[in-house]
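Structure assessment
Listed below, chain by chain, are the residues.
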Amino acid sequence: MQCILVIKLAALGDFVLATGPMRRIRAAHPEAHITLLTTPPYAALGEALGVFDTVWAEGRERSPRAWLRLAGRLRAGRFDRVYDLQTSDRSSAYRLLFWPRFPEWSGIAAGASHPHRNPDRDRMHTLERQAQQLEDAGIWPDAPTRPGSAPGPDLSSLVSPTTLARLGVAGPFALLIPGASPQRPGKRWPLERYAGLATRLADAGLMPLIVGGPDERADAQAIKGAEPRALALAGLTTFADVAALGAGAAIAVGNDTGPVHLVAAAGAPTLVLFGPDSDPALCAPRGVAVEVLASERLADLDVEVVAARALALWGSRGNAPPP
């Protein structure tokens, strides 16, 4: 049996965008035993995809002993081919851990048997870049590599019909995703603006539902404190829960952060707020209906402008015009 390794370590948005290429790898190797090397936050998500036979979560070890342990496990796996979808310095260095028997390698590591050679790869959107990488690896001959041509990820398999009832969600709701990386404050629309947006959406008949990680509980509670009709679920959901909420949401509004990719891939009509810290041409979410609202300074985005765009997106999906 052929043994395949797929490397995708982080982060959530990048992991979501890689799920389409992961499925393409499975389709190209239907009889192979395919292992995912990732990190602990994404192990359950990798298992839920139904693509991998095995998931390893030790893909970002730091101590010398951990590196030696990982090297031993990689060599023992006797992999025939590696698809490095992370293509970082760290993941490229993993090729050296296979010495003296190097598998075929798709990525950018020195000595790769199937390198992605495009010198403009870092100026491509992640989806087209990875499609072209798999084209160069010989498994996607008609890969969609033109800008905007690659289909968005499909996470419908993660959606559970019981999630909304378990979380106490009923009636039409709008997802608010106010978080972002703590190291990138420029990617955050101010909390007071999200609170104003929550009020505008509640007035339009949508329950504002705030999601995010455990570190964003205080932010969610601050928004709820300003708008009591909101429901604060930050820190109380799994990735699969967020996907299910995305599948049921009337609309979603959020910063350029991982959960926005997740809900867009699950089907939520999504409005993404971009500031100068990231380029939507390279990393914007894709889904059934995704719109980008960009500003040189996120704090300058007015609540009424964002609310109008969000409600128009809701209306464009066949809903009655909001009051």
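See the structure shown above.
Please read all numbers here as calculations on a predicted model, not as lab measurements. One numbering rule holds for all chains: residues counted from 1, following each sequence as written. Where totals are concerned, whole chains, interfaces and linings use all residues; where local detail is concerned, this predicted model gives features only for residues with pLDDT of at least 70, and gives and counts side-chain atom pairs only at 80 or more. Side-chain calculation: all heavy atoms of the structure are included, whereas hydrogens and water are not.

**Concerning the sheet that holds strand β10 (residues 251–255)**
To keep it simple, the criterion reads: Each pair of strands is called paired provided DSSP finds at least two bridges between the two strands. Secondary structure follows DSSP: runs of H or I at least 4 residues long count as helices, runs of E at least 2 residues long count as strands, and numbering of each begins at the N terminus.
The 6 strands are arranged β9-β8-β7-β10-β11-β12 in an open sheet whose pairing can be described as parallel. Edge strands, defined here as strands with exactly one partner in the open sheet, are β9 (231–232) and β12 (290–294).

**Some thoughts on the packing of helix α8 (residues 191–203) against helix α13 (residues 303–316)**
Formally: Fitted lines through C-alpha atoms give the axes, limited to the stretch in contact for helices. The angle between two N-to-C directions lies from 0 to 180 degrees. Note on angle classes: values under 35 degrees are labelled roughly parallel, values over 145 roughly antiparallel, values of 65 to 115 roughly perpendicular, and the remainder oblique. Here a crossing is called left-handed whenever its near helix is offset anticlockwise from the far helix by less than a right angle, and right-handed whenever the offset is clockwise. Between two residues, a contact is recorded if the distance between any of their heavy atoms is within 4.5 Å. Any residue that is not Ala, Val, Leu, Ile, Met, Phe, Trp, Tyr, Cys, Pro, Asp, Glu, Lys or Arg is counted as polar, Gly included; the first ten are nonpolar and the last four charged.
One can describe the packing of α8 onto α13 by two numbers: an axis separation of 9 Å at closest approach and a directional angle of 45 degrees. Here α13 runs oblique to α8, going by the angle between their axes. Relative to α13, α8 is oriented so that their crossing is right-handed. Seen from α8, the contacting residues are Arg193, Gly196, Leu197, Arg200 and Leu201; seen from α13, they are Val303, Glu304, Val306, Ala307 and Leu311. Considering only residue class, the contact of α8 with α13 consists of 6 nonpolar, 1 polar and 3 charged.

**As for the layout of surface pockets**
Applicable threshold: Here a cavity is any set of points on a 1 Å grid over the protein atoms alone where a 1.4 Å probe fits but cannot get out, and a pocket is any open set with protein on both sides within 12 Å along at least 5 of 7 lines; a residue lines the site when it has an atom within 4 Å of a point. Grid points are joined across faces, edges and corners, and a volume is the space filled by probe spheres set on the points.
When its volume is computed, the largest pocket comes out at roughly 1100 Å³. Together, 46 residues line the largest pocket, and Ala11, Leu12, Gly13, Thr257 and Gly258 are the ones closest to its centre. Of all the secondary structure elements, the ones that give two or more residues to the lining of the largest pocket are α1 (12–17), α3 (40–48), α6 (126–136), α10 (239–248), α11 (258–266) and α12 (280–283). Grouping the amino acids of the lining of the largest pocket by side-chain chemistry returns 18 nonpolar, 16 polar and 12 charged. When its volume is computed, the second largest pocket comes out at roughly 170 Å³. Lining the second largest pocket are 14 residues, and of these Gly20, Pro21, Trp140, Pro151 and Gly152 lie nearest its centre. Those elements that provide at least two residues to the lining of the second largest pocket are α2 (19–28) and α6. The dominant element in the lining of the second largest pocket, judged by the number of residues it contributes, is α2, at 5 residues. In terms of residue class, the lining of the second largest pocket is made up of 8 nonpolar, 3 polar and 3 charged.

**Thoughts on the pattern of salt bridges**
Going by this rule: Should a side-chain nitrogen of Lys or Arg be within 4 Å of a carboxyl oxygen of Asp or Glu, the pair is scored as a salt bridge. Residue burial is assigned from relative accessible area. The probe radius is 1.4 Å, only protein chains are included, and a residue is buried under 20% of its type maximum, exposed over 50%, and partly exposed in between.
Overall, the coordinates contain 16 salt bridges when judged by the stated rule. Between Arg81 and Glu104 there is a salt bridge whose closest N-O contact spans 2.8 Å. Of the two residues, Arg81 sits in strand β4 (residues 81–84) while Glu104 sits in strand β5 (residues 104–107), which places them 23 residues apart along the sequence. Owing to a relative accessible area of 10%, Arg81 belongs among the buried residues under this scheme. Overall, the relative accessible area of 33% leaves Glu104 in the partly exposed class. Across the pair Asp300 and Arg297 runs a salt bridge, and its minimum N-O distance is 2.8 Å. Through salt bridges with shared partners, a single network forms among Asp203, Glu227 and Arg229.

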